[in-house]
Amino acid sequence: MIRRLIAVLAAMATTVPSSAMMMGSTKLTPSYSLDAKYDDNIYRVTKNVNNTATNGGGIRGSWIFVNALGLNSETPVSENSKLSLGYKFTAENYSTKQSKANNAYNQNVDAAWAFKGARTEAKVWDSYTNTQDPMFNPNGATHSTVVNGPLVRRARRSQNALGLSADYFLGEKFFVGLDTEWTINRYLNRAGGIQALSNVLNNSVWRYGGKMGYLIAPKTKMFTAVHRTVTHYTEETRIDHHRDTAVDFGISGELSAKMKGLVQTGLVYQNFDRDPSNPNRQRIGRHWTSSVQLDYKPTDRC
């Protein structure tokens, strides 16, 4: 399946500068942003099909306008630690004729405790998301020559991630770290067509591993990381449990005076469980991954 998300050609992206407020020792920061992006294949349909769609499906593009409203708080717990809480509401509005079916409303609640000492940094976090998966055409992932199936409407699901990380500096520059995260995905509506999605997609993911690196600037790290990920489908209706091993290399932190983010690449080795009903199925997979996340701040007032 070929799917291009043309977010870099966004016609409009506006962020209202936030002003922090103090309530005792707690710092409150409200935020609002409006973004526009274009997706040329919102129903995830293969490009080599006859675009004779039914029920509004097929290969369709749309502008997506995203309104995000949030509130974050930060409270000192001790001289070296702080507690952070956050809430974010996001509304995604589509410009298609079937906009009501495509529009989505998501909520995020985050909590984190962070510690920073002379040689040790640690963080414990929990992140809850209530979101809606995009609509899709059931024949979009096949090699059919015609898109002839009804659209599967958006499905609401919850995701909760609980994690822990710790870094220890061996001197002024070198550091080692350990981290782990447990994520649970659940589809909330088990009636009708959504029930099939919950039966095959409910899962838990446990990721753990370590890293080592070098501090190339006061707020910039160069690192190598190795992680193991165990994915288990909890409804036992599919034999797609797998264990992945990932080796990554990257740079994170402040990349320049006005830019911070993450640049990373690596290799992932996947090993799927044996499926008795399909003993000849390919069980081993290898692929390269890359990730670039950049935040640019042109002025101090942004």
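Quick summary incoming for the structure in this document. Bear in mind the structure is a predicted one, so any value in this text is a computation, not a measurement.

About the thresholds
Residues numbered from 1 in each chain as written. Predicted model: local features only at pLDDT ≥ 70, side-chain atom pairs only at ≥ 80, totals over all residues. Heavy atoms only, no water. Helix = DSSP H or I, 4+ residues; strand = E, 2+ residues; numbered from the N terminus. Buried < 20%, exposed > 50% of the residue type's maximum accessible area, 1.4 Å probe, protein only. Contact = heavy atoms within 4.5 Å. Areas by Shrake-Rupley, 256 points an atom, 1.4 Å probe, with all protein chains shown as cover. Phe/Tyr/Trp six-rings, centres within 6.5 Å; stacked < 30°, edge-to-face > 60°. Core = buried A, V, L, I, M, F, W, Y, C linked by side-chain atoms within 4.5 Å. Salt bridge = Lys/Arg side-chain N within 4 Å of Asp/Glu carboxyl O. Patch = residues over 30% accessible without salt bridge, like charges linked within 9 Å, V, L, I, M, F, W, Y side chains within 5 Å.

Some remarks on the overall build of the protein
On a plain count of helices and strands, the protein comes out with two helices and 15 strands. Counting across all 302 residues of the protein, residues that qualify as buried make up 31%. Here the contacts in the protein between residues at least 6 apart in sequence split such that 56% fall between residues at least 24 apart. Accessible surface computed for the protein: about 18200 Å², of which carbon and sulfur atoms make up 58%.

So, the packing of aromatic side chains
For the structure on display, the rule yields six aromatic pairs. Seen in terms of ring centroids, Tyr-38 and Trp-63 are 5.4 Å apart; in terms of plane orientation they differ by 65°. Their pairing is edge-to-face. One end of the pair, Tyr-38, is in strand β4 (residues 26-39); the other, Trp-63, is in strand β5 (residues 62-76), with 25 residues separating them in the sequence. With relative accessibility at 27%, the residue Tyr-38 sits in the partly exposed group.

Quick word on the nonpolar core
If you look at soluble globular proteins, the nonpolar side chains tend to sit buried side by side. Counting seven residues, the largest nonpolar core consists of Ile-42, Tyr-43, Val-45, Ile-64, Val-66, Tyr-94 and Met-135. Within the second largest apolar cluster, six residues are counted, among which are Phe-169, Phe-175, Leu-215 and Phe-223.

A word on the environment of Asp-240
Mapping Asp-240 onto the fold places it in the loop between β12 (220-233) and β13 (242-254). Classification of Asp-240 by relative accessible area gives buried; the value is 17%.

So, the pattern of salt bridges
One pass over the full model with this rule turns up eight salt bridges. One salt bridge in this structure joins Arg-157 and Asp-133, with 2.7 Å as the shortest N-O distance. With Arg-157 in strand β9 (residues 155-170) and Asp-133 in strand β8 (residues 120-133), this pair connects stretches of sequence that are 24 residues apart. Judged on exposure class, the residue Arg-157 and its partner Asp-133 are both buried. With a shortest N-O distance of 2.8 Å, Arg-243 and Asp-273 are connected by a salt bridge. Here Arg-243, found in strand β13, pairs with Asp-273, found in the loop between β14 (259-272) and β15 (284-296); they are 30 residues apart in sequence, far enough to count as distant. Using a relative accessible area of 24% as the deciding quantity, one classes Arg-243 as partly exposed.

Side note on a nonpolar patch on the surface
Side chains of Tyr-168, Leu-170, Phe-174, Val-176, Met-212, Tyr-214, Ile-216 and Met-222 sit close together on the surface and give an oily, nonpolar patch of about 750 Å² of accessible area. Mapped onto the nonpolar patch, the elements with two or more residues apiece are β9, β10 (174-187) and β11 (203-217). The leading source of residues in the nonpolar patch is β11, at three residues. Taking relative accessible area as the criterion, Tyr-214 reaches 30% and is therefore assigned partly exposed.

Side note on the environment of Pro-276
Within the secondary structure, Pro-276 sits in the loop between β14 and β15. Overall, Pro-276 belongs to the exposed group, its relative accessible area being 61%.

Just geometry here; none of it tells us what the structure is for.
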